[in-house]
Amino acid sequence: MKKSYTRYSIAFLLLLSMLLSCLTSCARKPKKFETTWFDYFDSFSQLTVYAERQEEFDEYAATCQSILKEYHQLLDIYYEYDGVVNLKTLNDLADKEPLAIDEKLGEFLLFGKEMHQLTGGATNIAMGSVLSLWHHARETEILPEKEALLEANEHTNIDDLKLSEDGNFVLFSDDQLKIDAGALGKGFVAEKIATELKANGCQSFLLNLGGNTVAHGTKPDGTSWLAGIENPTDGKGLEGSVELSEYALVTSGSYQRYFTVDGTKYHHIIHPKTLYPENYCLSVSVLCPDSAVADALSTALFTMTVEDGMELLKHREDTEALWLFPDGSIQTTDGFMNHVKTEN
Ligand code: ADP
Ligand code: MG
């Protein structure tokens, strides 16, 4: 009698432990969570995460949203916010006296200066005076006067943006200097969010800020996060997908933001010498570990020939690019296709 009682107890305990281990392993299997915001940077922002629990994802999403909101306000050139010194404040007042700024804004401006240097001036955040004429043209569908563009171009010298050594004060030494964050903003913010999510223990995520894509980790089955490249000439896209593990993919294209005058399309990437939209290619995609650098480079490469672009990337071993041309053809740096996975 005693023996069978013991046997039953052991069987029961075994069953219980199997049940428990099944329950915990089921609970631990990461699930896919996703959320999209439409309130930031005049674009969509999407976060996809593999996490064990909804609450875990909610925390990551809250972190992501709070960084999006903070930088959206800091980099805004159209609106001011209570208690925030942002780019609009600087564009309005920094020519009058040195203005105290948040260190995050200081870091962004310094990065803008570095990217100006890296791209030989092709990506210039101090081109705001010229760009504002084009922003206005997009709204009114009336082209800016050539003279107005030339006059505005007298006020685009990035050296007139003076930053104190600690990055806490800004002064413009040209009273018509204007900063425009458009070419770098989303990539810079994506990088900030990715760094914070990793620091918070998020092990597998894909972040897409209006086409600036950053990924970390792999999906639970061990495969990489993937991103596609659109091809507006055939409505399909690059055959295959770009594997993103620890890389950012940023595309600058002329086919999404544009306006039309007399049948001619005018898009939003402006050549710093001609002061007009550059139509050499339809899009440039840049793959590199840092999404902020990728964003700066994609805008810059858009205004250059492939040869000049290749020259710019020559010494950057971790950076690859793909150019898409109006006839649908593509050209890439040597290593780009190593990151592309085709289905077969
Ligand atoms: P998107 O913001 O659509 O992803 P880009 O990263 O290429 O595309 O940035 C384009 C934006 O950058 C424009 O809307 C404009 O505000 C700004 N911009 C355009 N041309 C330049 C340039 N040569 N240098 C710096 N900023 C630019
Ligand atoms: Mg860019």
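These numbers were taken from a predicted model, which means no experiment stands behind them.

Rules and cut-offs
- Residues numbered from 1 in each chain as written.
- Chains lettered and ligands numbered in written order.
- Predicted model: local features only at pLDDT ≥ 70, side-chain atom pairs only at ≥ 80, totals over all residues.
- Heavy atoms only, no water.
- Pairing = 2+ DSSP bridges.
- Helix = DSSP H or I, 4+ residues; strand = E, 2+ residues; numbered from the N terminus.
- Near = heavy atom within 4 Å.
- Polar contact = N/O pair within 3.5 Å; in protein donor to acceptor, adjacent residues only side chain to side chain.
- Areas by Shrake-Rupley, 256 points an atom, 1.4 Å probe, with all protein chains shown as cover.
- Nonpolar A, V, L, I, M, F, W, Y, C, P; charged D, E, K, R; others polar.
- Domains from an automatic or database assignment.
- Axes fitted to C-alpha atoms, helices over the stretch in contact; angles between N-to-C directions.
- Parallel < 35°, antiparallel > 145°, perpendicular 65-115°, else oblique.
- Left-handed = near helix turned anticlockwise from the far one by under 90°.
- Contact = heavy atoms within 4.5 Å.
- Donors = N, O, S within 2.8 Å, 3.2 Å for Na, K, Ca; no water.
- Buried < 20%, exposed > 50% of the residue type's maximum accessible area, 1.4 Å probe, protein only.
- Phe/Tyr/Trp six-rings, centres within 6.5 Å; stacked < 30°, edge-to-face > 60°.
- Buried area = accessible area lost by both parts, 1.4 Å probe.

Draft legend 1. Representation of the sheet that holds strand β4 (residues 161-163). Strand order in the open sheet formed by 3 strands is β3-β5-β4, with antiparallel pairing between adjacent strands. Unpaired on one side and paired on the other, β3 (99-100) and β4 mark the two borders of the sheet. Taken together, the 3 bridges between β4 and strand β5 (residues 169-172) define a ladder with antiparallel strand orientation. When the bridges of β5 are listed, Lys 162 appears paired with Leu 171.

Draft legend 2. The arrangement of the site of ligand 1 in detail. Taken together, 17 residues sit near ligand 1, with Ala 122, Ser 252, His 268, Ile 270 and Thr 299 positioned nearest. At 3.0 Å from a nitrogen atom of ligand 1 is found a main-chain nitrogen or oxygen belonging to Asn 124. About the coverage of ligand 1: the protein hides 93% of its 570 Å² of free accessible area. When residues of the shell around ligand 1 are traced back to their parent elements, those giving at least two are α5 (128-140) and α8 (291-302). Partitioned by chemical class, the residues of the shell around ligand 1 number 6 nonpolar, 7 polar and 4 charged. Shared between two domains, the shell around ligand 1 holds at least three residues of each, these being domain 1 (31-73 + 183-341) and domain 2 (83-172).

Draft legend 3. Seen up close, the packing of helix α2 (residues 54-74) against helix α7 (residues 185-199). Put simply, α2 and α7 touch, their axes get as near as 10 Å, and they point 150° apart. In terms of orientation, α2 lies roughly antiparallel with respect to α7. At the point where α2 passes α7, the crossing takes the right-handed sense. Along the contact surface, α2 presents Tyr 60, Thr 63, Cys 64, Ile 67, Leu 68 and Tyr 71, while α7 presents Phe 188, Val 189, Lys 192, Ile 193, Glu 196 and Leu 197. The class makeup of the residues in the contact of α2 with α7 is 9 nonpolar, 1 polar and 2 charged.

Draft legend 4. A look at the coordination of the magnesium ion (ligand 2). Within the protein, Ala 183 (O), Asp 295 (O), Asp 295 (OD) and Thr 299 (OG1) serve as the donor atoms for the magnesium ion (ligand 2), at 2.0 to 2.5 Å. Residue class for Thr 299 comes out buried when judged on its relative accessible area of 12%.

Draft legend 5. Main features of the packing of aromatic side chains. Applying the stated criterion across every chain, the model contains 10 aromatic pairs. A ring pair is formed by Phe 108 and Phe 188, whose centres lie 5.2 Å apart and whose planes are at 90°; its orientation type is edge-to-face. One end of the pair, Phe 108, is in helix α4 (residues 103-118); the other, Phe 188, is in helix α7, with 80 residues separating them in the sequence. Residue Phe 108 is classed as buried on the basis of its relative accessible area, which comes to 0%. Through a chain of ring-to-ring contacts, three or more aromatic side chains come together here, namely Tyr 71, Phe 108, Phe 111 and Phe 188.

Draft legend 6. How the structure looks around the side chain of Asn 231. You can see Asn 231 is positioned in strand β9 (residues 230-231). With a relative accessible area of 8%, Asn 231 lands in the buried category. Polar contacts involving the side chain of Asn 231 include one to the side chain of Thr 233, which spans 2.6 Å. Once residues lying within four places of it in the same chain are set aside, the contact partners of Asn 231 are Lys 236, Gly 237, Leu 238, Leu 324 and Gly 328.

Draft legend 7. Expanded view of the domain arrangement of the protein chain. What the domain assignment reports for the protein chain is domain 1 (31-73 + 183-341) and domain 2 (83-172). Taking only C-alpha atoms into account, the centre of domain 1 sits 23 Å from that of domain 2. Every contact between the two is made by 30 residues of domain 1 and, on the other side, 27 residues of domain 2. In total, domain 1 and domain 2 occlude about 2500 Å² of area from one another, counting both sides; carbon and sulfur atoms represent 72% of this. For the domain 1 face of the interface with domain 2, the top three residues by lost area are Leu 184, Phe 259 and Leu 275, together amounting to 25%.

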